[in-house]
Amino acid sequence: MPLSEHEQRMLEQMERALYAEDPKFATALEGSGLRTYTRRRVYQAVAGFLVGIALLMAGMVAQQVWLSVVGFLVMLGCAVLAVTGWRKAPKPGEQPAAAAGPQGRRQQRQKRSMMDRIDERWQRRRDEQQGGQ
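Residues numbered from 1 in each chain as written. Predicted model: local features only at pLDDT ≥ 70, side-chain atom pairs only at ≥ 80, totals over all residues. Heavy atoms only, no water.

Engineer: Sorry if this is basic, but what is going on with the overall build of the protein here?
Structural biologist: Secondary structure assignment for the protein yields five helices and zero strands. Residues counted as buried form 17% of the 133 residues belonging to the protein. (Helix = DSSP H or I, 4+ residues; strand = E, 2+ residues; numbered from the N terminus. Buried < 20%, exposed > 50% of the residue type's maximum accessible area, 1.4 Å probe, protein only.)

Engineer: Sorry, what's going on with the environment of Ala-82 here?
Structural biologist: Within the secondary structure, Ala-82 sits in helix H4 (residues 65-88). The sequence separation of Ala-82 and Arg-39 amounts to 43 residues, and the corresponding C-alpha distance is 9.2 Å. Contacts of Ala-82, omitting those with residues within four sequence positions, involve Val-42 and Ala-45. (Contact = heavy atoms within 4.5 Å.)

Engineer: How should the UniProt feature "transmembrane region" (unreviewed entry) in the protein be read in this particular structure?
Structural biologist: The UniProt record marks residues 42-60 and 66-86 with the feature "transmembrane region" (unreviewed entry), using the residue numbering of this structure. Within the segment residues 42-60, helix and strand shares are 100% and 0% respectively, and the terminal C-alpha atoms sit 27 Å apart. (UniProt positions renumbered as here; feature names shortened; annotations may be inferred.)

As structure tokens, then:
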């Protein structure tokens with residue numbers, strides 16, 4: 001179940017507060033489990049790709065076309081898993097992005113900065129109104 005917009009904002013505020021209070025601790029916590037899982041998935045996909053090559057070659061040597069086709073399909077599937085897993089893996093010191101690909105990350109950054117600007121304006125207006133009363 002996805003978080004509501006309000007819950008996402010609250011989570012982002014809590015993350016910012018954590019980074020502000022203890023950046024070393026926050027850096028140690030961020031994305032380490034996800035990085036490990038993604039790295040393991042990529043390694044498994046590479047191993048599967050090598051198995052696919054072995055099946056392809058065995059099918060060619062045994063002159064079994066179906067075995068070669070299965071080997072090719074295994075190679076193709078593992079290559080797709082490796083590439084998508086590698087792209088989704090967060091870099092060290094980077095928060096995991098919700099959208100995949102560089103274009104999605106760029107849009108996320110723009111939305112986040114726009115939301116930050118709106119929040120700042122809201123706080124300024126609120127402070128001005130409280131100060132004026």
